[in-house]
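Structure at a glance
Below, each chain spelled out in residue letters.
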Amino acid sequence: MALIVKKFGGSSVATPEKIFNIVDRVLREKKEDDKVVIVVSAMGDTTDDLVALAKEVTSKPYGREMDRLLSTGEQVTIALMAMAFNERGHKAMSLTGDQAGITSSDTFNKGRILGVDPNRVFEALDEGNIVVVAGFQGITEYGDMVTLGRGGSDTTAVALAGAMKADVCEIFTDVEGVYSTDPRVAKEAFKLEEVTYGEMLEMARLGAGVMQPRAVEMGFRYGVPIHVRSTFSDNTGTIIREDYTVEANKHVITGVADDTNTAKVALVGVENKPGVAATVFKALAAKNVDVDMIVQSIRAVGEPKTDLIFTVAMDDVVLAREVLAELQKTVDIEAVNIDERMAKVSIIGAGMLGQPGVAAQMFDILSQEGINIEIISTSEISISCLVAEDRVKDAVRVIHNGLLLDQRG
């Protein structure tokens, strides 16, 4: 007997026919005593359609009401899938995020799961049901529905699996697993058999769209193995776990990621004195604007002005612009320049620890391709470069083929 959580994304449940395909697959794979929880996203382009509908009413970001609207997408899917299971002769029950015991912070559109109380899920399983849970949503202490951001259904699935001590959390996608980079960009990309939580977290944070970073965090927190696999095949995908089970799978560099959802913000002529940077980033944080790749440039020794450069997500550009415009009323900032035509390219790998020269190789490859680097940032297991958006695909391809294929021999 096994307790398994399976997550299916929007493309996998886009039509009633596809929903029945999922139902048939789950019933085919399910062993007699297995207990199965399914987490689903909204059907197909439903979320995008709801966003477009809201824009016909307002251009303002009414967070609470937008989340109330968007959360309806998953509720349609869970009801239809539960009906489909019953039509196939197996008991099933649908539960919203609230009913499944998922509590969230009150940061609308970017909620964080604070806790999971899966008692009602266990009760439904004990009654012989396959339980279908709405992903992408939680409930605040005040009873408000909150969505969990892009890819939030992944987070729902892994958090449920952790709270329920499931044997595995399976994330079904339209690809075979996690690849060394996007196969649509570099045809030489290869599927990874295993990835550590740390590497997958960096890959997701830096643009790999297969998993949401918070979902990987949940996997690490609970120690739940995550199996990323294809909806359309029975092949083994990629296992995300604490460490490699086969040393041969471990390489210096695991993958290359890119993120075009990036804008560069340059604060020109900022007062060069203690506390100014703190004031700037506190103001942005107060509005939940995530900041990355921070660089402060010193013009000259003793110069009273400096330039502060960082990146924000494209989704936060409008809000960041408003915050900084307000800040200019009290802080001496000569100009705020925002360039939305930027992108990040990153290499990730736990094997880079203690391996000098990797950064130099990456920079040399970009130089030979004529790609200029605007900002560089590093962590223990990643190196990221900010480049022009129209060159990022070239950057991914040459870095992948110059570094990852070389280490494979």
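Below: a short report on this structure.

Rules and cut-offs
- Throughout, a residue's number is its position along its own chain's written sequence, starting from 1.
- Selection of residues for local features in this predicted model requires a pLDDT of at least 70, selection of side-chain atom pairs for listing and counting requires 80 or more, and totals for whole chains, interfaces and linings are taken over all residues.
- Side-chain measures were taken over the full set of non-hydrogen atoms in the model, leaving aside hydrogen atoms and water.
- Comment: elements are numbered from the N terminus, with helices defined as DSSP H or I runs of at least four residues and strands as E runs of at least two.
- With a 1.4 Å probe rolled over the protein chains alone, any residue whose accessible area is under 20% of its type maximum counts as buried; one over 50% counts as exposed, and the rest are partly exposed.
- Axis definition: a line fitted to C-alpha atoms, over the contacting stretch in the case of helices. Angles run 0 to 180 degrees between N-to-C directions.
- In these notes the angle categories are as follows: under 35 degrees is roughly parallel, over 145 is roughly antiparallel, 65 to 115 is roughly perpendicular, and the rest is oblique.
- Each helix crossing is assigned a hand: it is left-handed if the near helix lies turned anticlockwise from the far helix by less than a right angle, otherwise right-handed if that turn is clockwise.
- We call two residues contacting when some pair of their heavy atoms lies within 4.5 Å.
- Note on residue categories: nonpolar means Ala, Val, Leu, Ile, Met, Phe, Trp, Tyr, Cys or Pro, charged means Asp, Glu, Lys or Arg, and polar means any other residue, Gly included.
- Here is the rule: rings of Phe, Tyr and Trp (six-membered ring for Trp) pair when centre to centre is within 6.5 Å. Planes less than 30 degrees apart are stacked, more than 60 are edge-to-face, and the remainder are tilted.
- Any Lys or Arg side-chain nitrogen found within 4 Å of a carboxyl oxygen on Asp or Glu counts as a salt bridge.
- Paired strands, in this sense, are two strands between which DSSP finds at least two bridges.
- What we call a nonpolar core is a set of buried Ala, Val, Leu, Ile, Met, Phe, Trp, Tyr and Cys residues that are connected through their side-chain atoms within 4.5 Å.

1. Some details on the environment of Ala286
- Within the secondary structure, Ala286 is located in helix α8 (residues 276-286).
- The exposed category is assigned to Ala286, whose relative accessible area is 61%.
- Separated by 37 residues in the primary sequence, Ala286 and Val323 place their C-alpha atoms 9.5 Å from one another.

2. A closer look at the packing of helix α6 (residues 197-205) against helix α7 (residues 213-222)
- α7 packs onto α6 with a crossing angle of 165 degrees between their chain directions and a minimal axis gap of 8 Å. By the angle between their directions, the pair α6 and α7 is classed as roughly antiparallel. As for how α6 packs across α7, the hand of that crossing is left-handed. On α7, the residues that touch Tyr197, Met200, Leu201, Ala204 and Arg205 of α6 are Pro213, Val216, Glu217, Gly219 and Phe220.
- Taken together, the residues of the contact of α6 with α7 sort by class into 7 nonpolar, 1 polar and 2 charged.

3. Brief notes about the packing of aromatic side chains
- Counting across every chain of the model gives 3 aromatic pairs.
- Look at Phe8 and Phe172: their rings are 4.5 Å apart centre to centre, the planes differ by 15 degrees, and that puts the pair in the stacked class. Residue Phe8 is located in strand β1 (residues 3-8), and its partner Phe172 is located in strand β9 (residues 168-173); the two are separated by 164 residues in the primary sequence. This pair shows no difference in class: Phe8 is buried, exactly as Phe172 is.
- Pairing Phe281 with Phe310 gives two aromatic rings, centres 5.2 Å apart and planes at 70 degrees, and the pair type is edge-to-face. One end of the pair, Phe281, is in helix α8; the other, Phe310, is in strand β15 (residues 305-313), with 29 residues separating them in the sequence. For the pair Phe281 and Phe310, a shared accessibility class is recorded, and that class is buried.

4. Quick look at the pattern of salt bridges
- Per the counting criterion, the structure on display carries 30 salt bridges.
- Ionic pairing is found between Lys6 and Glu29, a salt bridge with its closest N-O pair at 3.2 Å. Here Lys6, found in strand β1, pairs with Glu29, found in helix α1 (residues 16-29); they are 23 residues apart in sequence, far enough to count as distant.
- Note that Lys6 is salt-bridged to Glu170, the shortest N-O span being 2.7 Å. On the criterion of sequence distance, the pair formed by Lys6 in strand β1 and Glu170 in strand β9 is long-range, its members being 164 residues apart. The pair Lys6 / Glu170 is uniform in exposure class, with both members buried.
- Look at the salt bridges and you will find they share partners, linking Lys6, Arg25, Arg28, Glu29, Glu170, Arg229 and Asp234 into a network.

5. Focus on the sheet that holds strand β14 (residues 291-298)
- Strand order in the open sheet made by the 6 strands is β14-β15-β13-β16-β18-β17, with antiparallel pairing throughout. If you trace the sheet from one side to the other, it starts and ends with β14 and β17 (375-379), each paired once. Averaged over all adjacent pairs, the angle separating strand axes in this sheet is 30 degrees, with direction ignored.
- In terms of strand pairing, β14 meets β15 through 6 bridges, oriented antiparallel. Bridge pairing in β15 places Asp292 opposite Thr311.

6. Remarks on the environment of Met352
- Tracing the backbone shows Met352 in the loop between β16 (333-348) and α10 (358-368).
- Given the relative accessible area of 9%, Met352 is considered buried.
- In sequence terms Met352 and Ile381 are 29 residues apart; their C-alpha atoms lie 6.0 Å from each other.

7. Looking at the sheet that holds β9
- Ordered by their spatial adjacency, 8 strands build an open sheet running β3-β6-β2-β1-β9-β11-β12-β10, and the pairing between neighbours is mixed. Two strands lie at the open edges of the sheet, namely β3 (92-95) and β10 (194-196), each paired on one side alone. Taking the axes of each pair of neighbouring strands and ignoring which way they run, one obtains an average angle of 20 degrees across the sheet.
- Here 6 bridges tie β1 to strand β2 (residues 35-40), and the two strands are oriented parallel to one another. Within the sheet, the bridge partner assigned to Phe8 lies in β2 and is Val40.

8. Things to note about the nonpolar core
- Of all hydrophobic cores here, the largest spans 64 residues; its most connected members are Val121, Leu160, Met211, Val345, Ile347 and Ile399.
- Sorting elements by how many residues they give to this core places helix α11 (residues 392-408) first, with 7 residues.
- Contact partners of Ile399, with chain neighbours within four places excluded, come to Val256, Val345, Ile347, Met362, Ile365, Leu366 and Leu404.
- Residues Val265, Phe281, Leu324 and Val331 belong to the second largest nonpolar core, which totals 21 residues.

9. Considerations on unusual backbone geometry
- Positive phi values are uncommon outside glycine, yet Asn288 reaches one of about 60 degrees.
- Summarising the element assignment, Asn288 is placed in the loop between α8 and β14.
- Accessibility expressed as a relative area gives 37% for Asn288, which makes it partly exposed.
- Despite not being glycine, Met293 shows a phi value in the positive range, around 50 degrees.

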